[in-house]
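What the coordinates show
These are the residues of each chain, in order.
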Amino acid sequence: MDVGLIGLPQTGKSLLFRLLAGEGRGGPAQATIGVAAIPDARLDSLAAMYSPRKVTPATLRVTDIPGAVPGEDRARWNRFLEAVRGADVLVHVIRAFRSDELPHVMGDVDPLRDARFLRDELILTDLATVESVQQRLGAQSPRKRRPDDQALLDLLPRLRETLEQERPLRELALGDEEMRLVRGFGLLTLKPMVLAVNVDEGQLQEGTFPGEEALREAAAGWGESVITFCGPVEAEIAELPAGEREAFMGEYGISEPGVARLARAAYEVSGLISFFTAGEEEVRAWPIRRGTTAKQAAGKIHSDIERGFIRAEVVAYEDLVRLGSVAAARDAGLLRLEGREYIVRDGDVIVFRFNV
Ligand SMILES: Nc1nc2c(ncn2[C@@H]2O[C@H](COP(=O)(O)OP(=O)(O)OP(=O)(O)O)[C@@H](O)[C@H]2O)c(=O)[nH]1
Ligand SMILES: [Mg+2]
């Protein structure tokens, strides 16, 4: 899973990238790639229970994509679209912060305008893609068409209609088979999106930013979540010793860094859930897609465990922390023995039994 940070130039994407991923590989004009840990309070409680030597959170790849404006610099815009194509999930960074030294690229601050601007550009790009595929396939003689091409020709009008109504394709919630048909075309509005509003210190303190209500209302209609963060304050939080963070955040009326909420939101919209393995050696969160079976989940850890799968011993995270140990969960009848087809749930703490 690759999360792309997108947005207009100078909205704070690169700062957000460093907060999420630390350093990354890339260059000023190129997309920069890094890895973000997904904060999870459940992992912390498991770590407190087991005092393991190592705690390993789930991670997502993050790409910092240089901002671009269509019509200003064609090459830069095309590089931007190419990088967006490479992402699975999009975090749209929108600027609410004011700065006299660094004017907003559109002149003034207007979060809803910016949210709509990029949304519409991505919709237009997809519309052009769909039209060109439709044209190419339509030009083929029907007798020469492969079955997949015919299925695509039947599907594309629905896509086109949605885009023409200025709606992103993700709203169609295409099924697996339909997704397979369109996978090769790099459609941008199929990707889940989170809106991340970069506020300034004053706005953080006030707990709101200009245009918030309008943006939230629009986002609710779009089914997208809005997360606010303040880049410079987040950078300060990251530099504080862990023991001082809570008090510092309290001064701003927040209980958790915005970047942590943002990482989790990106994880959620990408359709990932976590199961845990826990022991004295390591406590670890493993990202899997919703719907993953126990046997497939075992394969995330090691292919030998998948191949030699016997059963999974599963306890729900809530039961485990409530009862204090796996033994207590077993006594309470809450340790389940599950087979290979069991669909793993978010928060399952699992021991896999296998043969090699
Ligand atoms: N005042 C203020 N400045 C910020 C904030 N976030 C970022 N900046 C500044 O804005 C400038 C641009 O930030 P970047 O993170 O490089 O912006 P970007 O979105 O990566 O820009 P491009 O790569 O050009 O698209 C930098 O000088 C940052 O220090 C903020 O919350 N408040
Ligand atoms: Mg940048």
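Described in the following lines is the structure provided in the data block. (Residues numbered from 1 in each chain as written. Chains lettered and ligands numbered in written order. Predicted model: local features only at pLDDT ≥ 70, side-chain atom pairs only at ≥ 80, totals over all residues. Heavy atoms only, no water.)

**Things to note about the sheet that holds strand S1 (residues 2–6)**
Ordered in space as S2-S4-S1-S5-S6-S7, the 6 strands form an open sheet in which the pairing is mixed. Of all the strands in the sheet, the pair left with one neighbour each is strand S2 (32–37) and strand S7 (226–229). Averaged over neighbouring strand pairs, the angle between their axes works out to 30° when direction is ignored. Across 4 bridges, S1 lies against strand S5 (residues 89–95) in parallel orientation. Residue pairing across strands places Ile6 opposite His92, the latter belonging to S5. In this fold helix H11 (residues 258–269) packs onto S1, S2, strand S4 (59–64), S5, strand S6 (193–198) and S7, with an angle of close to 155° to the strand it touches most, S7. (Pairing = 2+ DSSP bridges. Helix = DSSP H or I, 4+ residues; strand = E, 2+ residues; numbered from the N terminus. Axes fitted to C-alpha atoms, helices over the stretch in contact; angles between N-to-C directions. Contact = heavy atoms within 4.5 Å.)

**Quick look at helix H8 (residues 212–222)**
Each α-helix winds once per 3.6 residues, and so residues spaced three or four apart point in a common direction. Of the residues making up H8, those classed as buried are Glu212, Leu215, Ala218, Ala219 and Trp222. Axial view of H8: buried residues confined to an arc of 135°, hence all on one face. Of the exposed residues in H8, those oriented more than 90 degrees away from the buried face are Glu213, Glu217, Ala220 and Gly221. Where H8 is buried, its residues meet helix H4 (111–139), S6 and S7. Downstream of H8 by one or two residues, Gly223 has phi in the positive range, about 75°. (Buried < 20%, exposed > 50% of the residue type's maximum accessible area, 1.4 Å probe, protein only. Arc of directions from axis to C-beta.)

**Quick look at the pattern of salt bridges**
Summed over the entire model, instances satisfying the criterion amount to 28 salt bridges. The partner of Asp148 in a salt bridge is Arg180, with the nearest N and O atoms 3.2 Å apart. Taken together, the residues span a long stretch of sequence, with Asp148 in helix H5 (residues 147–164) and Arg180 in helix H6 (residues 176–182) at a distance of 32 residues. Between Glu282 and Arg284 there is a salt bridge, with its nearest N and O atoms 3.7 Å apart. (Salt bridge = Lys/Arg side-chain N within 4 Å of Asp/Glu carboxyl O.)

**Quick notes on the layout of surface pockets**
Approximately 780 Å³ is the volume found for the largest pocket. Contributing to the lining of the largest pocket are 24 residues, with Asp88, Met179, Leu190, Pro192 and Arg289 lying nearest its centre. Broken down by element, the residue count for the lining of the largest pocket peaks at 3 residues, all from H6. Of the residues in the lining of the largest pocket, the class split is 11 nonpolar, 5 polar and 8 charged. (1 Å grid on protein atoms, 1.4 Å probe; cavity = no way out; pocket = protein on both sides within 12 Å on 5 of 7 lines; lining within 4 Å. Points joined across faces, edges and corners; volume = space filled by probe spheres on them. Nonpolar A, V, L, I, M, F, W, Y, C, P; charged D, E, K, R; others polar.)

**Section: the site of ligand 1**
Taken together, 17 residues lie around ligand 1, and Gln10, Lys13, Ser14, Leu15 and Gly67 are the ones closest in. Protein coverage of the free-state accessible area of ligand 1, which is 650 Å², stands at 71%. Sorting the residues of the shell around ligand 1 by element identifies helix H1 (13–21) and helix H9 (231–239) as the ones contributing at least two each. Ranked by residues supplied to the shell around ligand 1, first place goes to H1 with 3 residues. Within the shell around ligand 1, the residues separate by chemical class into 8 nonpolar, 7 polar and 2 charged. (Near = heavy atom within 4 Å. Areas by Shrake-Rupley, 256 points an atom, 1.4 Å probe, with all protein chains shown as cover.)

**Observations concerning the packing of aromatic side chains**
Applying the stated criterion across every chain yields a total of 6 aromatic pairs. Relative to Phe80, the ring of Trp77 has its centre 5.0 Å away and its plane inclined at 25°; by these criteria the two rings are stacked. Placement of the pair is Trp77 and Phe80 together in helix H3 (residues 74–85), with a separation of 3 residues, close to one helical turn. Assigned by exposure class, Trp77 and Phe80 land together as buried. (Phe/Tyr/Trp six-rings, centres within 6.5 Å; stacked < 30°, edge-to-face > 60°.)

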